[in-house]
Amino acid sequence: MNVATVLTEAERRVDALNLRRVIASPLTDVAVGVLLMFLALAQLGGRSSLTMLAAVLATLPHVVRRRHPWAVVTLVSFGALCLLYTGVLPDYPPFGVVLSGALTLYTIARIVGPLVVGLVIGALTILLLAAVFLRNGREVLSITTIDRQALSPLVVLFLGTVLLIFLAHVRRSASTITEMRAGNLETLREQAAMAERARIAREMHDIVAHSVSKIAVQAETAPYTLDGLDERTLQEFAEIATSARTTLTEMRRLLGVLRADVVTAPETAPQPGLARLPELVGRHEGEVDLDVIGEEVPLPQAVDVSAYRIIQEALTNVRVHAPGARVSIELAYRPALLALRITDNGPGPSGDTENGHGLVGMRERALALGGWFKAGPGPSGGFLIQVGLPLE
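Residues numbered from 1 in each chain as written. Predicted model: local features only at pLDDT ≥ 70, side-chain atom pairs only at ≥ 80, totals over all residues. Heavy atoms only, no water.

Enquirer: Can you help me understand the sheet that holds strand β2 (residues 327-334) in this one?
Expert: Paired through their backbone hydrogen bonds, the strands of a sheet run either parallel or antiparallel. Judged by pairing direction, the sheet is mixed, and its five strands sit side by side in the order β1-β2-β3-β5-β4 without closing on themselves. In this open sheet, the two edge strands, each paired with only one partner strand, are β1 (288-293) and β4 (372-377). When strand polarity is set aside, the average angle formed by the axes of neighbouring strands in this sheet is 10°. Here β1 runs beside β2; their pairing, made up of six bridges, is parallel. Within the sheet, the bridge partner assigned to I293 lies in β2 and is A332. (Pairing = 2+ DSSP bridges. Helix = DSSP H or I, 4+ residues; strand = E, 2+ residues; numbered from the N terminus. Axes fitted to C-alpha atoms, helices over the stretch in contact; angles between N-to-C directions.)

Now the structure itself:
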């Protein structure tokens, strides 16, 4: 194993470490809930059993925050009411309870929306501040007479909650954008598949139309080139020619529907095959190794064109995603199958290897002929494409 392979493996492991996945893990909720509970109990040491139990109830339920959000909100709120009854709130709230309250409001914001929670927080803040004013003397409503020790936790809770609600709003917006991007990407994939199918249909038309045209011409000229044909035979040749012409008309009609997205080449353009593969390889900007295994045999034109197009798209992908990489192309002629193996020594796949636009076209071509298609990381790094095209 060389140094490049080791580095590639290390990069893959780093990419596999998804911070969002770690944060969203149930174990993270368990750790947060337990940590909040210990912070609250450590600050309330020496208090009554009811106070300690209320602190546990106001913090620990967060261990199942994502699974049962409303149950957590209910339990934490009940625990906070118990702390209010015991006199701990609002004057001397433990830091763990303050964080628990902010996290609870964040959870509600994720469910019902940040705007609703913001309005609720504003109303509660006004009520709590009014309670603090009244507690410090109804006759003097001045900020200087308020117990700062009682007011500061409320201010911290308010500012922290506003920040968490803002983060909830940002996260919801990010989720919406992600969903929109996923929808757009899916639409692009469908369009790529439809365009490739239309292109395949046009190429199949060019291939089949040539053969059907020959049938029609031979059937029409047979009465003039063959002597001694009876009336029944002449009628059969005429019907064959008519059927061939009708078939060509129907094919062109179907092609008119399918070719809307295919404007890269005229309908009558000759289709390339593996005979032009050396020319294609010569145009590639990079080193290409071409190996042919087995005895070359004449291929059905559909297979010949599809094999050329798949190799062409694979080389295009290398130029785009791994410029300068060395490419190895292997053509294996088997009794009933043409096998393609295309690999490079580039950095390997960087995203979804199943739905890339170029890969969609390759897969469509292989499946249209009853073959198979595989794409993914190579055994020694890079990217590997394997295709099987039946010859019958």
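So, next bit.
Enquirer: Teacher, can you tell me more about the pairing of strand β3 (residues 337-344) here?
Expert: With respect to burial, β3 is a largely interior element, seven of its eight residues being buried. In this structure, β2 lies alongside β3, joined through eight bridges in antiparallel fashion. Across the sheet, residue S328 finds its bridge partner in β3, namely T343. Linking two consecutive strands that pair antiparallel, namely β2 and β3, is a turn of two residues. Looking at chain direction, β3 and strand β5 (residues 383-390) are connected through seven bridges and run antiparallel. Paired with L337 across the two strands is P390, which belongs to β5. (Buried < 20%, exposed > 50% of the residue type's maximum accessible area, 1.4 Å probe, protein only.)

Enquirer: How should the packing of helix α3 (residues 26-43) against helix α6 (residues 95-112) be read in this particular structure?
Expert: When two helices pack together, their arrangement is given by the angle between the helix axes and by the axis-to-axis distance. Packing of α3 against α6 leaves a shortest axis separation of 6 Å and a crossing angle of 145°. Across the interface between the two elements, V32, L36, L39, A40 and Q43 of α3 pack against F95, G96, V97, L99, S100 and L103 of α6. (Contact = heavy atoms within 4.5 Å.)

Enquirer: How should I be thinking about a nonpolar patch on the surface in this particular structure?
Expert: Taken together, the side chains of L35, L39, F95 and L99 define a hydrophobic patch exposed on the protein surface, amounting to about 350 Å² of accessible area. Within the residue set of the nonpolar patch, elements represented by two or more residues are α3 and α6. Within the secondary structure, L99 sits in helix α6. Using a relative accessible area of 35% as the deciding quantity, one classes L99 as partly exposed. (Patch = residues over 30% accessible without salt bridge, like charges linked within 9 Å, V, L, I, M, F, W, Y side chains within 5 Å. Areas by Shrake-Rupley, 256 points an atom, 1.4 Å probe, with all protein chains shown as cover. Salt bridge = Lys/Arg side-chain N within 4 Å of Asp/Glu carboxyl O.)

Enquirer: Help me out: how do you make sense of the pairing of β5 in this one?
Expert: Looking along a regular strand, one sees the side chains alternate between the two faces of the sheet. Within β5, seven of the eight residues are buried, which leaves the element mostly enclosed by the surrounding structure. Sheet topology places β4 next to β5; six bridges connect them, and they run antiparallel. When the sheet's bridge partners are listed, A375 is paired in β5 with I385. Joining the antiparallel neighbours β4 and β5 is a turn of five residues, in which G381 adopts a positive phi near 95°.

Enquirer: Mind showing me how you'd approach the confidence of the model for the protein here?
Expert: As a note on interpretation, predicted positions should not be read in detail where pLDDT is low. On average, residues of the protein score 76 in pLDDT, and 64% of them are at 70 or above. Element-level mean pLDDT values for the protein span from 48 in helix α1 (residues 3-16) up to 94 in β3. This stretch, residues 260-268, has a pLDDT under 50; its non-local contacts, to residues over four places away or in other chains, come to 13 contacts. (pLDDT = per-residue confidence, 0-100.)

Enquirer: Is there a simple way to explain helix α4 (residues 49-57) in this structure?
Expert: Think of an α-helix as turning once every 3.6 residues; residues three or four places apart then point the same way. Restricting attention to buried positions, one finds in α4 the residues T51, A54 and A55. Taken around the axis of α4, the buried residues stretch over an arc of 100°, which confines them to a single face. Exposed side of α4, more than 90 degrees from the buried face: S49 and L53 are the residues found there. At its buried positions, α4 is contacted by α3 and α5 (69-86). (Arc of directions from axis to C-beta.)

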